[in-house]
Amino acid sequence: MIKIEKRNDVSPSIYFLTPILAIFLTLFGGGIIFYVLGFNPLEALKFFFITPISDLYGFSELLVKATPLCLIAIGLSFCFKSNNWNIGAEGQLIFGGIVGGGVALLFYGHDGFYVLPIIILAGAIGGMIFAMIPAVLKTYFNTNEILVSLMLVYVAKLLLDYLVVGPWSNPEGFNFPETRQFSESARMPTLFDGLRIHAGIFITLITVFLSWLILYKTYLGFQIKVSGLSLKTAKYAGYKGKTMIIIVFMISGACAGLAGVGEITGPIGQLHRNISPDYGFTAIIVAFLGRLNPVGIIFASLIVALTYLGAETAQIFLQVPKYTGQVFQGMILFFLLGSDYLLFFKIKFLGLKKNEL
Amino acid sequence: MNTKLRVSEISKIYPGCVANDEISLEFGSGKIYALLGENGAGKSTLVKILSGVVRPDKGEVFLNDKSIKLNSPLDAKKNNIGMVFQHFNLFETLSVFENLSIDSDKKNEELRLSVNNILKKYNFKIDLDIPVLNLSAGQKQKVEIIRCLIRNPKVLIMDEPTSVLTEQETEDLFVSLKQFSDEGILIIYITHKLKEVLSLCDEVAVMRKGKVVSVSETKEEKIETLANKMVGENLSTIKKKINNFKYSEEILKISNLNFRSDDPYETNLINLNFSLKKGECLGIAGISGNGQSELFQILSGEIITEYTSIKFRDKEISKLNPRERREYLMAFSPEDRISQAAVPELKIYENVALNNFKSSNFFEKGLVNEKKIKEHSKKILSNFSVNTDNVEMKSQFLSGGNLQKLIIGRELITSPELLVCFNPTWGLDVGAINYIHETLININEQGKSSILISTDNDELLKLSDRICVIYKGKLSKIMDVNEVTPEKLGILMGGGSID
């Protein structure tokens, strides 16, 4: 007989330590995979997790990847904490990119300090509006936000495809599916010569701080917390449930939109088909690995960003496909959910009692 | 075929609550047995034990004098015990026949033949090939019954079967049940509706607080006697409060309160009118499920209804949500203290912050004023003698009594003008009950009003100044507590009328 029982007393320190355990299990699992593929596991893991950040350029690349991941994840934490399942951050990122990119193209050839802030604002508003679609449909028509937000990802992707192939494609671009390179005034300033790390990291850090402030120090944050734990109680307390759903989706969408605009004005510098290597989906893993906690999310974003870099290095040095990165992301989530299950439930093995035979 | 079912000294203890306390009962085929009791009396636990869903801590079940082990619902099926639950377990999008074939080991043709025989024999009219979602509640219940009948049950247990049925469907069900009984199936009928017990059943066992308080033939019983057994008639310790506010100003006036719900598990409320004076306690009695929960939610603002008028100190508040109503100094203590009035995962001070009166300034300019909330929480803990002074403790570690003191304290510490409470002492120990009763008497003596919705008649007679009874969503006339007797309450609670 196996019996599964709920644990009542989960200590907070263990709650924050299990993600670290999950990471170690992922390393172990990854080692086994490399071994089966015929590599020396320790060496392969070194190529995957240490080589990429062993120089300044690599470290800068890590931050470049972590910047959007952290930003999106922090936005998602507002939704997830209040029991709203926004799965479509990728679409909100792309739509933010489209709106921001459109404004950037509009200002093509313009100089002036005001250009970049306008583009960034436009990107945030774009993501926000796109996220409001599932929110409004959920509050007024009882639709399922998981499905709507997920399906809108493909809408955004196809719209971007259409724009870069058709109306917005570079007139001098030999029909490549991409827009013009944005003007210098529309680009995120880089922080150091020769490195790609850009000012977007400050947007992320400021957002993290503001989110911490909102979630833990304001009435809105308190209402989000209560609604996430018990909708019945939120109703009894008299919180405006519908308004709150829309607000958390707006915050989340704005963050994803900011991440999108940060990518196209930062490392990419134009719009093309693949402005995001699924940051919007991967950020879901980041949010949960960071326990929906702002500080936790910062660390989680660095670790998950490393899997992106590691995959590229492994492709070069070990000739394994770069999708290995996704295998590692999948393993992190798998082990996290697995250890969470054991954290909240205990499994009892009961011997068969005589009188039950 | 004679069937005898006997339970012997069955006990089941949940943390903080004895659900079944040494229950022994005997049933024999050819009769319909009623198991009568309030919500929480332990009847559901007992039938869950009989159907193998819950395992008892102690005690045995005998079928035809043979001890049987019921470790799972499968064991119950093997022993020919069938059960129809209050909430249906059907797949809405599958057809009736597909639903029946899921847990049957017969071949499809064979099954169809036996189902058709059952349909013919009992004159059930159900199309086997349409999706279940197109059936009425009564038809769905018939599908559940057929599911049991396929297995030729010796015992058939019905858990509150009429709660979702119309009058006509109820009559049809009774005809079928009598037919089953005549064929030798032992029927155990769980309910808290007194009229049904008298019209359908032969014997009745009344449960109260986990114990069987009486077993008798229904022909020896009347609605009042059953009602009193069910809710208790121990009135010896009543202490009347002193009230000087009887003829003071009116502070709350409800007119034309109507509520219609699409949910069959909810009760519609029909044209409720009442008012409340300063310093008065109005008791609303009734057997649970007659609209109390809906009434509470309308008073608190969780449900907003059209056309209803609620005037608090001559201001129309019927469209305000609970938070806005609190600003008028109304306070609410709901029945479900564990998952509604408080969140177990939150710390005590966070639970205190749920009730945000304007005057308490917990959230100034949208920011959490943690210091103020904690000070306020400490005051509640000491003023209402909650047995901890640690406001950082999660409220899930409080016992039921202490949690209720915290909630009542949270509602009362800002001196509201009106407290609406719903079963405030449900499931508490005697000490906590007395404390809460004293508190409720005190607020009336301080000139604050209260509405007490309760299924405990002792409590109502002890605390109320005026009492009325809610039955099927309608209110009886409101009586002065001095002219109320337990007998009168019993008649009204069973749907009868008094002069």
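Along every chain, residues carry numbers that run from 1 in the direction the sequence is written. The order in which chains are written sets their letters, starting at A; the order in which ligands are written sets their numbers, starting at 1. Predicted model: local features are reported for residues with pLDDT of at least 70 only, side-chain atom pairs are reported and counted for 80 or more only, and whole-chain, interface and lining totals are derived from all residues.

Participant: Just to check I follow, could you spell out the overall build of chain B for this structure?
Facilitator: Runs of E in the DSSP output that reach at least two residues are strands. Runs of H or I that reach at least four are helices, and both are numbered from the N terminus. Along the backbone of chain B there are 16 helices and 23 strands. Computed over its C-alpha atoms, the radius of gyration of chain B comes to 25 Å, within 12% of the 23 Å expected for a compact globule of 499 residues. Each principal axis of the C-alpha atoms in chain B carries an extent, and together these give about 70 × 55 × 45 Å. Our exposure labels follow a C-beta count within 10 Å of each residue's own C-beta, placed from the backbone: buried means 20 or more other C-beta atoms, exposed means 12 or fewer, and partly exposed covers the counts in between. Out of the 499 residues belonging to chain B, those deemed buried represent 43%. Only C-alpha atoms enter the radius of gyration, while the globule expectation follows 2.2 Å times N to the 0.38, with N the number of residues.

Participant: Honestly, the sheet that holds strand E3 (residues 32-37) of chain B in this entry has me stumped. Any pointers?
Facilitator: Sheet strands pair via backbone hydrogen bonds, and the direction of the pair is either parallel or antiparallel. All names here are of chain B. Here a strand pair is declared whenever DSSP counts at least two bridges between the two strands. Overall, mixed pairing links the six strands, which are arranged E6-E7-E8-E3-E9-E10 in an open sheet. Bordering the open sheet on either side are strand E6 (81-84) and strand E10 (211-217), each of which pairs with just one other strand. The average angle at which neighbouring strand axes cross in this sheet is 20°, direction not considered. Where E3 and strand E8 (residues 186-191) come together, five bridges link them in parallel fashion. Bridge pairing in E8 places Ala34 opposite Tyr189. Each axis is a line fitted through C-alpha atoms, taken for helices only over the stretch in contact, and angles between the N-to-C directions span 0 to 180 degrees.

Participant: Sorry if this is basic, but what is going on with the interface of chain A and chain B here?
Facilitator: How big an interface is tends to be expressed through the accessible area that disappears when the partners come together. Throughout, a residue-residue contact means that the two C-beta atoms, derived from backbone geometry, are no farther apart than 7 Å. Counting residues at the interface gives 15 residues for chain A and 21 residues for chain B. Of all the secondary-structure elements, those providing two or more residues to the side of chain A that touches chain B are helix H8 (219-229) and helix H9 (231-237) of chain A. Grouping the amino acids of the side of chain A that touches chain B by side-chain chemistry returns seven nonpolar, four polar and four charged. Classification convention: Asp, Glu, Lys, Arg as charged; Ala, Val, Leu, Ile, Met, Phe, Trp, Tyr, Cys, Pro as nonpolar; all other residues, Gly among them, as polar.

Participant: Any chance you could explain the confidence of the model for chain B here in plain terms?
Facilitator: Any residue range with low pLDDT should be treated as having predicted coordinates unsuitable for detailed reading. Residues and elements named next belong to chain B. For every residue, the pLDDT score states the predictor's confidence, bounded by 0 at the bottom and 100 at the top. Averaged over every residue, the pLDDT of chain B is 86; the share at 70 or more is 95%. Least confident of the elements in chain B is helix H8 (residues 223-231), whose mean pLDDT is 79; most confident is strand E20 (residues 449-453), at 95. When the criterion is pLDDT under 50, residues 234-238 qualifies, and its contacts beyond four places in sequence or with other chains add up to six contacts.

Participant: When you look at unusual backbone geometry in this model, what are you seeing that I'm missing?
Facilitator: Apart from glycine, the bulk of residues carry a negative phi angle, and the bulk of peptide bonds sit in the trans form. Positive phi, normally seen in glycine, also occurs at A:Asn83, with a value near 65°. Residue position: A:Asn83 is located in the loop between helix H3 (56-81) and helix H4 (89-106). On the basis of neighbour count, A:Asn83 is assigned to the partly exposed category, with 15 C-beta atoms found within 10 Å. Non-glycine residue B:Glu9 carries a positive phi angle of around 45°.

Participant: Help me understand the pairing of strand E21 (residues 466-471) of chain B in this model?
Facilitator: Two faces make up the sheet, and in a regular strand the side chains alternate between them. Residues and elements named next belong to chain B. Most of E21 sits inside the fold, with five of its six residues counted as buried. Two strands pair when backbone bridges link them, and E21 and strand E23 (residues 479-480) are joined in this way by two bridges, in the antiparallel orientation. Looking at the pairing, Arg466 lines up with Asp480 of E23. Examined bridge by bridge, E21 and strand E22 (residues 474-475) share two bridges and lie antiparallel to one another. Looking at E22, one finds that Ile470 is bridged to Leu475.

Participant: Explain the sheet that holds strand E15 (residues 315-316) of chain B to me, please; I cannot follow it from the model alone.
Facilitator: Read from one edge to the other, the open sheet built from four strands follows the order E12-E11-E14-E15 (chain B), with strand pairing classed as antiparallel. Each edge of the sheet is formed by a strand with only one pairing partner; in this case those strands are strand E12 (269-277) and E15 of chain B.

Participant: What exactly am I supposed to notice about helix H10 (residues 241-268) of chain A here?
Facilitator: Residue and element names in this part refer to chain A. Working rule for helices: expected span equals 1.5 Å times residues minus one. Given a rise of 1.5 Å per residue, 28 residues ought to cover 40 Å, and the 39 Å separating the end C-alpha atoms of H10 matches this to within 8%. Judged by how many residues are buried, H10 sits mostly within the fold: 22 of 28 residues are covered. At the exit of H10 stands Gly269, carrying a positive phi of roughly 85°.

Participant: Looking at this model, I keep getting lost on the nonpolar core. Mind explaining?
Facilitator: One broad trend across soluble globular proteins is that nonpolar side chains are buried collectively. Only buried residues count toward a nonpolar core: Ala, Val, Leu, Ile, Met, Phe, Trp, Tyr and Cys, linked into one set through C-beta atoms within 7 Å. One finds A:Ile72, A:Val286 and B:Tyr189 to be the most contacted residues of the largest nonpolar core, which totals 219 residues. Top contributing element to this core by residue count: H3(A), with 14 residues. When neighbours within four sequence positions are excluded, A:Ile72 is seen to be in contact with A:Ala89, A:Leu93, A:Cys255, A:Ala256, A:Ala259, A:Tyr279, A:Gly280 and A:Ala283.

Participant: Sorry if this is basic, but what is going on with the packing of helix H1 (residues 12-36) of chain A against helix H13 (residues 324-344) of chain A here?
Facilitator: How two helices pack is summed up by the angle between their axes together with the distance between the axes. Residue and element names in this part refer to chain A. Running from amino to carboxyl end, H1 crosses H13 at an angle of 135°, the nearest separation of the two axes being 8 Å. In terms of their interaxial angle, H1 and H13 are classed as oblique. Between H1 and H13 lies a crossing of right-handed hand. Where H1 approaches H13, its residues Ile14, Tyr15, Thr18, Pro19, Leu21, Ala22, Ile23, Leu25, Thr26, Gly29 and Gly30 are matched on the opposing element by Phe328, Met331, Ile332, Phe335, Leu336, Ser339, Asp340 and Leu343. Class assignment for the residues of the contact of H1 with H13 results in 13 nonpolar, five polar and one charged. Note on angle classes: values under 35 degrees are labelled roughly parallel, values over 145 roughly antiparallel, values of 65 to 115 roughly perpendicular, and the remainder oblique. Two helices that cross are described as forming a left-handed crossing if the nearer one is turned anticlockwise from the farther one by less than a right angle, and a right-handed crossing if clockwise.

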